[in-house]
Amino acid sequence: AMNVVILPGSGCAPTRSCNHYAWLERALIDRGVTDDVRLTTPSMPDADVCRRHIWVPHCENELRCDANTVIVGHSSGAVCAMRVAERNAVRGIVLVAGYDDDLGDATERASGYFDDAFDYGKIASNCSRGIECVIGTRDSLVPAAIQLALAKKLGARESVSETRDHFFTPPAEEIFDAVKRFL
């Protein structure tokens, strides 16, 4: 059976009280998509900097990402999702406000995700049912152009919302629909 791992953005602690995460968890369970939704409570380790050497093993060992996992990564969580998929076979990844460079930000640089190039081909081939990119064209933190370019590099399906910013607020039907496509 499909399981879903929700990876929050940086600074999102406690996880369930931030952004759309608790809403998505409930929607996936209540609407019968999966009863196996995994998120780290009360919050991810190293929640502010989201260091790669902490988050990627956490996904593998604690959240038990496997071939039946769809990782929903939001913002920094999307970057982590790519790094997890780069080295593990998963069902798929949903990148919400995803990006693949440090955006000129010192904290992003410190995370370690951008120390070496992403292997887009490996990420794509490790996602047995593909990749979804959920993009808000009004994103105030990650330019939509970067998100769209990333989707192209990954050969991902794009779900573009003309009205959305950085997917801070629920409901987030666009994200729910993206996950449901992996059933």
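Residues numbered from 1 in each chain as written. Predicted model: local features only at pLDDT ≥ 70, side-chain atom pairs only at ≥ 80, totals over all residues. Heavy atoms only, no water.

1. A few points about the packing of helix 2 (residues 52–61) against helix 3 (residues 76–87)
1) Next: At their nearest, the axes of helix 2 and helix 3 sit 10 Å apart, and the two run at 65 degrees to each other. Where helix 2 crosses over helix 3, the two elements pack in a sense that is right-handed. Along its contact with helix 2, which presents Arg52, Trp55, Val56, Cys59 and Glu60, the element helix 3 presents Gly77, Cys80, Arg83, Val84, Glu86 and Arg87. (Axes fitted to C-alpha atoms, helices over the stretch in contact; angles between N-to-C directions. Helix = DSSP H or I, 4+ residues; strand = E, 2+ residues; numbered from the N terminus. Left-handed = near helix turned anticlockwise from the far one by under 90°. Contact = heavy atoms within 4.5 Å.)

2. Focus on the sheet that holds strand 4 (residues 92–96)
Each strand in a sheet pairs with another by means of backbone hydrogen bonds, the pair being arranged parallel or else antiparallel.
1) Next: Strand order in this open sheet of 6 strands is 2-1-3-4-5-6, and the pairing throughout is parallel. Bordering the open sheet on either side are strand 2 (37–38) and strand 6 (157–161), each of which pairs with just one other strand.
2) Next: As defined by bridge partners, strand 5 (residues 131–136) adjoins strand 6 across 5 bridges and the pair is classed as parallel. Its bridge partner lying in strand 6, cysteine 133 is registered against glutamate 158.
3) Next: Packed on one face of the sheet, helix 1 (residues 21–30) meets strand 1 (3–7), strand 2 and strand 3 (69–74) and runs near 175 degrees to strand 1. (Pairing = 2+ DSSP bridges.)

3. A word on the nonpolar core
1) Next: Grouped together as the largest cluster of nonpolar side chains are 36 residues, with contacts concentrated most on Leu7, Ile71, Ile93, Leu95 and Ile131.
2) Next: Secondary structure elements with two or more residues in this core: strand 1, helix 2, helix 3, strand 4, strand 5 and helix 6 (144–154).
3) Next: Here this core takes 7 residues from helix 3, the largest share from any one element.
4) Next: Sequence-distant contacts of isoleucine 131, that is, excluding residues within four places in its chain, are made with Ile93, Leu95, Ile123, Ala124, Leu154, Ala156, Arg157 and Phe182.
5) Next: Membership of the second largest hydrophobic core comes to 24 residues, among which are Leu24, Val134, Phe167 and Phe182. (Core = buried A, V, L, I, M, F, W, Y, C linked by side-chain atoms within 4.5 Å. Buried < 20%, exposed > 50% of the residue type's maximum accessible area, 1.4 Å probe, protein only.)

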